[in-house]
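Here is what each chain is made of, one letter per residue.
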Amino acid sequence: MEQLTQNLKDGKMQLLEVPFPVLSSGQVLVRNHYSLISAGTEGKTVKDARLSYIGKARARKEEVKKVIDAAKTFGIMNTYKMVMNKLDAPSALGYSTAGEVIAVADDVVDFRVGDIVACGGNSAVHAEVVAVPVNLCVKVDKSVNLQHACFTTLGSIALQGIRQADLRLGENCVVIGLGLVGQLTLQMLHASGVKTIGVDIDQRMVDLAIATGTTHAYSRKRDDLEHVINELTDGYGTDAVIITAGTDSTDPIDLAGALCRKKGKVIIVGAVPTGFKRPNYFKKELDLRMSCSYGPGRYDSEYEEGGLDYPYGYVRWTENRNMQAFVEMLATGKISLEKLLTHTFSFSDAPKAYDLIMNKTEPFVGMVLKYDVSKILKQKVNITSQSYVQGDVTVGLVGAGSFGQNFLIPALKNTPAKLVTVVTARPNNARNIADKNQFAAASGDAQDIFNDSNINTVFIATRHDTHAPYVLSGISKGKNIFVEKPLCLTETELDQIVEAHNRQPARVMVGFNRRFAPLIQQMKKHFTPGMPVSVNYRINAGVIPADHWVHDLKTGGGRIIGEACHFIDLCMYIAGSPITSVSATALNDASKLNDTVTISLTFENGSVASVNYFSNGNKQVSKEYLEVFGSGIVAQLDDFKTLHVFGKTEKKISGTQDKGHQEEIKTFVDCIKNGKPAPIPFEETVMSTRATFKALQSIATSGQRITL
């Protein structure tokens, strides 16, 4: 299949052959018939991509700050490579489509193959096939023209602005900014019995509003504009103003303050600055409200990705119900899009549509892409042909986000391994990663890897909740498995993996890379194997927002399972002995995240360790500081950059930060090629993982020590 993409580095657009998207839990797979181009939002994205590097920096100042912070941690060259990797990638465009359902996930019951639907959100892109969560998808009556149904996302944005205004029958409202969202807002206000007045700086948009049924629409350039609107509202001023304009000027919000009556409402839908003049807002006690995109549920991962609906009796209008309402208005003829739909381009000519937007060669409002639905589509993209011989390490990669692209793949390319197939959720990313790294194929279905007899080794770098199922699939298919931490999210899953491994032994290794760091290897040489040591490990982990997926116990497992496992494993490696008991205490916090915690470990050889994992620190302090005491020797490791050893003599080793990723992957591949066991014994992987579960149990029992 094909997808419209844009390179963020130079702004180049192309129709890229990509695999089908991954059909995840709670999603439907939709073959697009039409998709709407949002001239405002997408136009800005395209414009920014075509800027110079300096222009990009000026347009994205927050991103520049993140780059500077990354350079402090990873170094200038590594950060430069990461930034270029992100920029030199095909980015998706679009967020409003309509088409036919061609597949549904096993847990989806409200949709069936053959349903005609309208879709919204970040996954409803300009592509021949999209995978969309059920709460961002609504059924469309067969009487509705699909060219019009693909306006649904923009319609729900307009509708949410109206709901924020909370207007009653017979009240009046001024809409400032008569682009597509503004035009839709006027029509829906009129349909609900609200007296509407439109304002725009472009006379053509004013004329269009009048042509589509608005009685009162005026140019912002009229000298008597405020007087005219005051007269139309019987001298009181308007009940509400909805701003659907997009501009850097404060004029729309200042004008809204002048037009409103006392105690009136100003609703911001469009991208406008809010540094308004105070007098009108102060004297009239105006109510300034923001409208969040499609409505309640937007940007809530539990709603959009998890499929959890808000109770109807408490949240009457969610983003999904707003989408439904718009589709129903189309079906009943309450909204007319005939004059708003100004351009229809075939999907193959999509770049021409954006050239029109950028160059403004002719007037436009609603612009739609039309897809050839008779075309036969391929789910998998075969890029090159490869041959394999006995003894080759042939790799399939499931999941290739930031970590996979910046650490795993570069490390793999420095080994003899052959890269066969990559699977990622986003089709454009899968194709880009395959092209850049010489994978033979790109796919959206992980089973293409597990069922491929040419692949003997699977690397798993997906979200945490998928790790255990993929590991079990890999074991059942006789694959070598490298899985990024954590191995799994529950003790039940861990037991299942152990049982599967016992039935069918395989190389299963978790990405506990710190064991392989050069300075850790240097440190180990200073201590006699088997002798007890004391370990003090402080991790300045930093804050991750409470709504981040890693804190979701079902998806990410929390930070103890998701990350602290690294540090528990390293302590066990340094002690050189199995863990015998765990106790843990967490700092009380309002969100109950258990991400500021002290974990105490004891080991069979008498060693002890304290892992102090803190999220309440300051990022100016190094992330990791490790101290090991034993037999009159003290070793101090500062953020894997500097090792200080105090013994009979004092030694100091400094260098660039190296946490062992390269050596970890090289050693794993070498073991496979040479027929040796995994470099981290499976029993130790299981023990490190089980210790995280015991740590959580200890926290729940007020720090009780638990034996492994």
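Look above for the structure.
Not measured: the values here are computed from a predicted model.

Cut-offs used in this document
Residues numbered from 1 in each chain as written. Predicted model: local features only at pLDDT ≥ 70, side-chain atom pairs only at ≥ 80, totals over all residues. Heavy atoms only, no water. Helix = DSSP H or I, 4+ residues; strand = E, 2+ residues; numbered from the N terminus. Rg over C-alpha atoms; globule rule 2.2 N^0.38 Å. Contact = heavy atoms within 4.5 Å. Areas by Shrake-Rupley, 256 points an atom, 1.4 Å probe, with all protein chains shown as cover. Buried < 20%, exposed > 50% of the residue type's maximum accessible area, 1.4 Å probe, protein only. Axes fitted to C-alpha atoms, helices over the stretch in contact; angles between N-to-C directions. Parallel < 35°, antiparallel > 145°, perpendicular 65-115°, else oblique. Nonpolar A, V, L, I, M, F, W, Y, C, P; charged D, E, K, R; others polar. Pairing = 2+ DSSP bridges. Right-handed = clockwise from strand over helix to strand, strands pointing away. Phe/Tyr/Trp six-rings, centres within 6.5 Å; stacked < 30°, edge-to-face > 60°. Lys NZ or Arg CZ within 6 Å of the ring centre and 35° of its normal. Salt bridge = Lys/Arg side-chain N within 4 Å of Asp/Glu carboxyl O. Core = buried A, V, L, I, M, F, W, Y, C linked by side-chain atoms within 4.5 Å. Polar contact = N/O pair within 3.5 Å; in protein donor to acceptor, adjacent residues only side chain to side chain. Left-handed = near helix turned anticlockwise from the far one by under 90°. Disulfide = S-S within 2.5 Å.

A word on the overall build of the protein chain
Then step 1. Across its full length, the protein chain holds 23 helices and 32 strands.
Then step 2. The C-alpha radius of gyration computed for the protein chain amounts to 29 Å, which stays within 12% of the reference 27 Å derived for 708 residues, consistent with globular compactness.
Then step 3. In terms of overall dimensions, the protein chain has a C-alpha envelope of 90 × 60 × 50 Å along the principal axes.
Then step 4. Across the protein chain, every contact between residues at least 6 apart in sequence was considered, and the portion connecting residues at least 24 apart equals 68%.
Then step 5. Total accessible area on the protein chain stands at roughly 31,600 Å², and carbon and sulfur atoms take up 51% of it.

Focus: the environment of Gly 295
Then step 1. In this structure, Gly 295 sits in the loop between strand S14 (287–290) and helix H12 (301–304).
Then step 2. Owing to a relative accessible area of 3%, Gly 295 belongs among the buried residues under this scheme.
Then step 3. Distance from Gly 295 to Arg 321, taken between C-alpha atoms, is 8.8 Å for residues 26 residues apart in sequence.
Then step 4. Once residues within four sequence positions are removed from consideration, Gly 295 is found in contact with Gln 160, Glu 319 and Asn 322.

Notes on the packing of helix H18 (residues 467–476) against helix H19 (residues 491–503)
Then step 1. Where H18 contacts H19, the two axes come as close as 10 Å, and the packing angle between them is 10°. With respect to H19, the axis of H18 lies roughly parallel. Here Ala 468, Val 471, Leu 472 and Ile 475 of H18 lie close against H19, whose contacting residues are Glu 493, Gln 496, Ile 497, Ala 500 and His 501.
Then step 2. When grouped by side-chain class, the residues that make up the contact of H18 with H19 number six nonpolar, two polar and one charged.

Re the sheet that holds strand S23 (residues 508–510)
Then step 1. The strand order across the open sheet built from seven strands is S17-S20-S19-S18-S21-S22-S23, with neighbouring strands paired in mixed fashion. Taken across any chain shown, the strands that pair with only one partner, and hence form the sheet edges, are strand S17 (381–382) and S23.
Then step 2. The pairing of strand S18 (residues 394–398) with strand S19 (residues 418–423) spans five bridges and is classified as parallel. Among the inter-strand pairings, Val 395 is bridged to a residue of S19, identified as Leu 419.
Then step 3. Against the sheet, helix H16 (residues 427–437) makes contact with S17, S19 and strand S20 (441–443), and its axis sits at roughly 165° relative to S20, the strand it touches most.

A closer look at the pairing of strand S12 (residues 238–243)
Then step 1. Of all six residues that make up S12, six are buried, and the element is covered over most of its length.
Then step 2. When strand S9 (residues 172–176) meets S12, the two strands line up parallel, connected through four bridges. Looking across to S12, one finds that Val 174 is bridged to Val 241.
Then step 3. Examined bridge by bridge, S12 and strand S13 (residues 260–268) share five bridges and lie parallel to one another. Considered in S13, the bridge of Ile 243 is made with Ile 268.
Then step 4. The parallel pair S12 and S13 is bridged by helix H10 (residues 251–259), and the resulting crossover is right-handed.

Overview of the packing of aromatic side chains
Then step 1. Applying the stated rule across the entire model yields 10 aromatic pairs.
Then step 2. Here Phe 276 and Tyr 281 contribute two aromatic rings whose centre-to-centre distance is 4.2 Å and whose plane-to-plane angle is 25°, an arrangement assigned as stacked.
Then step 3. Given a relative accessible area of 8%, Tyr 281 falls into the buried group.
Then step 4. Of note, Arg 298 hangs over the ring of Tyr 299, and the distance from its end group to the ring centre comes to 4.5 Å.

A few points about the pattern of salt bridges
Then step 1. A complete count under the given rule lists 27 salt bridges for this structure.
Then step 2. In this structure, the salt-bridge partner of Arg 204 is Asp 202, at a minimum N-O distance of 3.3 Å.
Then step 3. A salt bridge links Lys 666 to Asp 670, with the nearest nitrogen and oxygen atoms 3.0 Å apart. Note that Lys 666 and Asp 670 are positioned in helix H22 (residues 661–673) at a spacing of four residues, about one turn of the helix.
Then step 4. A network of salt bridges, in which partner residues are shared, links Glu 491, Asp 495, Arg 690 and Lys 694.

Things to note about the pairing of strand S11 (residues 216–219)
Then step 1. Summarising the sheet, strand S10 (residues 195–200) and S11 pair through four bridges and their orientation is parallel. Considered in S11, the bridge of Gly 198 is made with Ala 217.
Then step 2. Tracing the backbone out of S10, into helix H8 (residues 203–211) and back to the parallel element S11 gives a crossover that is right-handed.

Structural notes on the nonpolar core
Then step 1. Counting 75 residues, the largest nonpolar core has Val 28, Phe 151, Leu 180, Leu 184, Met 188, Leu 189 and Ile 335 as its most contacted members.
Then step 2. If we skip the residues at most four places from it in the chain, Leu 180 touches Leu 36, Phe 151, Leu 154, Leu 340, Val 365 and Gly 366.
Then step 3. With 59 residues, the next largest nonpolar core counts Val 458, Ile 460, Leu 487 and Ile 665 among its residues.

Observations concerning unusual backbone geometry
Then step 1. Pro 486 follows Lys 485 through a cis peptide bond whose omega is -5°.
Then step 2. Note that Pro 486 resides in the loop between strand S22 (480–483) and H19.
Then step 3. The phi angle at Lys 360 is positive, at roughly 50°, despite the residue not being glycine.
Then step 4. Tracing the backbone shows Lys 360 in the loop between helix H14 (350–359) and strand S16 (366–370).

Brief notes about the environment of Ser 600
Then step 1. When you line up the elements, Ser 600 lands in strand S26 (residues 597–603).
Then step 2. A relative accessible area of 24% means that Ser 600 is categorised as partly exposed.
Then step 3. Filtering out sequence-adjacent residues up to four positions away, Ser 600 remains in contact with Ser 581, Val 582, Ser 583, Ala 609 and Arg 705.
Then step 4. Side-chain polar atoms of Ser 600 contact the side chain of Arg 705, separated by 2.9 Å.

Regarding the sheet that holds strand S31 (residues 650–654)
Then step 1. If you trace the nine strands from one edge of the open sheet to the other, you get S31-S30-S29-S28-S24-S27-S26-S25-S32, paired in mixed fashion. With partners counted over all chains shown, the strands left at the sheet margins are S31 and strand S32 (706–707), one partner each.
Then step 2. Relative to strand S30 (residues 642–646), strand S29 (residues 633–638) runs antiparallel, the two being bridged by five bridges. Along S30, the bridge assignment pairs Ala 635 with Val 645.
Then step 3. Against the sheet, helix H21 (residues 559–575) engages strand S24 (534–540), strand S25 (579–586), S26, strand S27 (608–614) and strand S28 (624–630), with an angle of about 35° to S26.
Then step 4. Across the sheet, helix H23 (residues 682–700) touches S25, S26 and S32, and the angle it forms with S25 is around 40°.

Re the packing of helix H15 (residues 402–413) against H22
Then step 1. Put simply, H15 and H22 touch, their axes get as near as 8 Å, and they point 50° apart. In terms of axis orientation, H15 runs oblique to H22. Crossing of H15 over H22 shows right-handed handedness. Contacts from Phe 403, Phe 407, Leu 408, Pro 410, Ala 411 and Leu 412 in H15 reach His 661, Gln 662, Ile 665 and Val 669 in H22.
Then step 2. Partitioned by chemical class, the residues of the contact of H15 with H22 number eight nonpolar, two polar and no charged.

Considering the state of the cysteines
Then step 1. Taken as a whole, this structure holds zero disulfides when the rule is applied.
Then step 2. The cysteine Cys 173 is free of any disulfide, with Cys 260 supplying the nearest cysteine sulfur at 8.5 Å.

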